[in-house]
Amino acid sequence: MSESFTNVAGQRLDIPNPTVALSGQTVGGAPYQVLGTVMQIVVMQLRTGQTVYTETGALSWMQDGIRMDTNMRGGLGGILGRVFTGESLFVAHFTAERDNALIAFSSEFPGKIIPINLAQGQSIVTQRDALLVAEKSVNMAVQFQKRFGAFFGGEGVLMQRFDGPGTVFVALDGEVVEYTLGQGERLKVDTGHVAMFEPSVAFDVEMVKGFKNILFGGEGLLFATLTGPGRVWLQTMPMSKLAGAIAQYLPRAEGSKQGLSINLGG
């Protein structure tokens, strides 16, 4: 893509298209493109009768010929799971009523959109708000971490699990780094950086050791521990850290001892 273009008054305006980061076809046969570098969007073309679902608010645009139906997917168990994870109770389904119906979904934050093609019986575990859009055949469930330490892990307590067959598009924060862990090999990670991992990887949370580390380390009090075998994917810019960094620059009420105080009164 070239970022430079010319526009002469009175003539057609041509703005360069964004970079095509990824392209392919879902398990269900829908062609797609992931466009952009930092603020990405996935554009799909659905076949007649094909359905995808997403949490409400992820839709960016769509053509005529797609029917939208919002409901509580997954019955009582799915509803309770979304309540615990702080997600929307409602899931929006989009069904094509003609071939090649175009529909697009975008992430809310800077990062990467990753398509995951799951075979029958194949699964992936992700951070709790990773879902962008998935084919109807993909089952989404909440995965509770059963180990005692995980209940103190903040973002690591509840995660999403997707079971095939079908394609699910996940939105991860910042760049994505992959590691392959051998049998018994462990990786300690700040909990917010855990993006997703294969079900064969064991997940737990442990306290940071050392009094001085806890008081003066400048890090969180907990580490996620990922134990192989299996692959793990880590994200470089958790939204929790970005939000914390931005918060210190936001205006605060008068009298606050921290941050910027702005008085707009006369």
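The preceding data block contains the structure.
Okay, so let's go over this structure. Within every chain, residues take consecutive numbers counted from 1 along the sequence as written. For this predicted model, a pLDDT threshold of at least 70 governs which residues receive local features, and a threshold of 80 or more governs which side-chain atom pairs are given and counted, while totals over whole chains, interfaces and linings are taken from all residues. Heavy atoms from the whole structure form the basis of all side-chain values; hydrogens and water molecules are not counted.

**Quick look at the layout of surface pockets**
- Its boundaries defined by the atoms lining it, the largest pocket holds a volume of some 520 Å³.
- Using a grid of 1 Å spacing that covers the protein atoms alone, one calls a set of points a cavity when a 1.4 Å probe fits there but cannot get out, and a pocket when the set is open and has protein on both sides within 12 Å along at least five of seven lines; lining residues are those with an atom within 4 Å of a point. What lines the largest pocket is a set of 20 residues, among which E55, E108, F109, D129 and L131 lie closest to the centre.
- Secondary structure follows DSSP: runs of H or I at least 4 residues long count as helices, runs of E at least 2 residues long count as strands, and numbering of each begins at the N terminus. Listed by contribution, the elements that provide at least two residues to the lining of the largest pocket are β4 (51–55), β11 (131–135), β14 (166–173) and α3 (239–247).
- Under the scheme applied, nonpolar residues are Ala, Val, Leu, Ile, Met, Phe, Trp, Tyr, Cys and Pro; charged residues are Asp, Glu, Lys and Arg; polar residues are all the others, including Gly. Tallied by class, the residues present in the lining of the largest pocket amount to seven nonpolar, seven polar and six charged. Grid points are joined across faces, edges and corners, and a volume is the space filled by probe spheres set on the points.

**Details of a nonpolar patch on the surface**
- Patch membership is restricted to residues that have no salt bridge and whose relative accessible area is over 30%. Joining uses 9 Å for like charges and 5 Å for the nonpolar side chains Val, Leu, Ile, Met, Phe, Trp and Tyr. The protein chains shown are the only cover counted for residues, whose accessible areas, like all others here, come from Shrake-Rupley with a 1.4 Å probe. Every case where a carboxyl oxygen of Asp or Glu lies within 4 Å of a side-chain nitrogen of Lys or Arg is listed as a salt bridge. Taken together, F5, L13 and I15 make up a surface patch of nonpolar side chains, about 320 Å² in accessible area.
- The topology assignment puts I15 in the segment before β1 (20–25).
- Among the residues examined, I15 registers a relative accessible area of 58% and is labelled exposed. Exposed residues in this analysis have more than 50% of their type's maximum accessible area, buried residues have under 20%, and partly exposed residues fall in between, with area computed by a 1.4 Å probe over protein chains only.

**Details of unusual backbone geometry**
- Looking along the chain, the bond that leaves G164 and enters P165 is cis, with omega of 15°.
- Residue position: P165 is located in the loop between β13 (158–163) and β14.
- Following G228, the chain continues into P229 via a peptide bond in cis, with omega recorded as 20°.
- Residue placement: P229 occurs in the loop between β19 (222–227) and β20 (230–235).
- Of note in this structure, N100 is not a glycine but carries a positive phi near 60°.

Remember that the coordinates give geometry; whether it matters functionally is a separate question.
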